[in-house]
2 protein chains.
Amino acid sequence: MACELCDQDDAPAIWRDDDWRVVRVADAAFPAFYRVVSRAHVRELSQLSRPARHRAIDLVCAVERVLIERLQPTKVNLASLGNVVPHLHWHVIARFEGDSHFPQPIWGMKQREDVDAAARLALDLERLDAAVAEALRAA
Amino acid sequence: MACELCDQDDAPAIWRDDDWRVVRVADAAFPAFYRVVSRAHVRELSQLSRPARHRAIDLVCAVERVLIERLQPTKVNLASLGNVVPHLHWHVIARFEGDSHFPQPIWGMKQREDVDAAARLALDLERLDAAVAEALRAA
């Protein structure tokens, strides 16, 4: 069966190793939104070995820490859902009090109009990507 | 500042140790919904030490595995959001193709009416709680 995330395995990434790749999601409403994607087609987190799931959460944490340090978000949201694309991936999203959905999850009801979300970030996205990549190399 | 999850620290739980407690969330639409809650008031996952975050994910995985083994859900959804209550907690939710929101996240747009979600589970909730507790004791 075709899998979108398997198909994108070779696409440009912020960082990758043999088991994981990290991309920034192009979402105008939530510009500081990264995805930590398993390179193997695994459905659920619990299918990973213990060391592999620890590695996964270390990578998620490395991304989260950069978002917190560089952007001072109101909150970071983490999720592994995969209802539509059942291939293990983690969403790591910096959330801000004024963003279009806060305090709702990004999948919830829109709360307000929010233009230029990227312009409000403390760092431009290229520099943020570079900081995320550096943290992942050290993770 | 008052914190709902700190206030509930003594409430009945499926299982607890010194650092974590696990409760089942009373949600008629998503009956197989557990929450792994930090007993310390911590805001973000990355504030935990490395061993502590590994422990967190091991507990989340233990719950997930029971849901998969006992209920054969279409997918398990994991999330740590905390926009409303910024006290570290993980949602672990068994999702089914016919549930009210599938394939949307539970915070998304309702897709259909779904009555008697609990009755469709392969196991009654008391037995499911017991299986979750047993897995957590072994984690």
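Residues numbered from 1 in each chain as written. Chains lettered and ligands numbered in written order. Predicted model: local features only at pLDDT ≥ 70, side-chain atom pairs only at ≥ 80, totals over all residues. Heavy atoms only, no water.

**Focus on helix α3 (residues 125–138) of chain B**
All names here are of chain B. Across its 14 residues, α3 extends 20 Å between first and last C-alpha, which sits within 8% of the 20 Å expected from 1.5 Å per residue. All buried positions along α3 are accounted for by Leu128, Asp129, Ala131, Val132, Ala133 and Leu136. Contacts made by the buried residues of α3 are with β1 (15–16), β2 (20–24), β3 (33–38) and α2 (50–71). With a side-chain oxygen lying 3.1 Å from the backbone nitrogen of glutamate 126, the N-terminal cap of α3 falls on aspartate 124. (Helix = DSSP H or I, 4+ residues; strand = E, 2+ residues; numbered from the N terminus. Expected span 1.5 Å × (residues − 1). Buried < 20%, exposed > 50% of the residue type's maximum accessible area, 1.4 Å probe, protein only. Contact = heavy atoms within 4.5 Å. Polar contact = N/O pair within 3.5 Å; in protein donor to acceptor, adjacent residues only side chain to side chain.)

**Overview of empty space enclosed by the protein**
Left-over empty space is what a probe sized like a water molecule reveals as it rolls over the atoms. Here the structure, examined in full by the defined rule, presents one cavity of 30 Å³ or more. Of the volumes computed, that of the largest cavity is approximately 60 Å³. Here the lining of the largest cavity is composed, by residue class, of seven nonpolar, no polar and three charged. (1 Å grid on protein atoms, 1.4 Å probe; cavity = no way out; pocket = protein on both sides within 12 Å on 5 of 7 lines; lining within 4 Å. Points joined across faces, edges and corners; volume = space filled by probe spheres on them. Nonpolar A, V, L, I, M, F, W, Y, C, P; charged D, E, K, R; others polar.)

**Here we look at the interface of chain A and chain B**
Taken together, the contact between chain A and chain B spans 33 residues of the former and 34 residues of the latter. Here chain A is connected to chain B by six salt bridges. Put simply, A:Lys75 and B:Glu44 hold a salt bridge, and the shortest N to O gap is 2.7 Å. The interface formed by chain A and chain B includes 31 residue pairs in polar contact (both at pLDDT 80 or more). Among the elements of the structure, α2 (50–71), β4 (75–80) and β5 (89–95) of chain A are those that each provide at least two residues to the side of chain A that touches chain B. Sort the elements by how many residues they give to the side of chain A that touches chain B and α2(A) lands first, with nine residues. Considered class by class, the residues forming the side of chain A that touches chain B number 15 nonpolar, nine polar and nine charged. Pairing analysis gives three bridges linking β4(A) to strand β4 (residues 75–80) of chain B, with the strands arranged antiparallel. Bridge pairing in β4(B) places A:Ala79 opposite B:Ala79. (Salt bridge = Lys/Arg side-chain N within 4 Å of Asp/Glu carboxyl O. Pairing = 2+ DSSP bridges.)

Interpretation in functional terms is not warranted from these geometric data alone.
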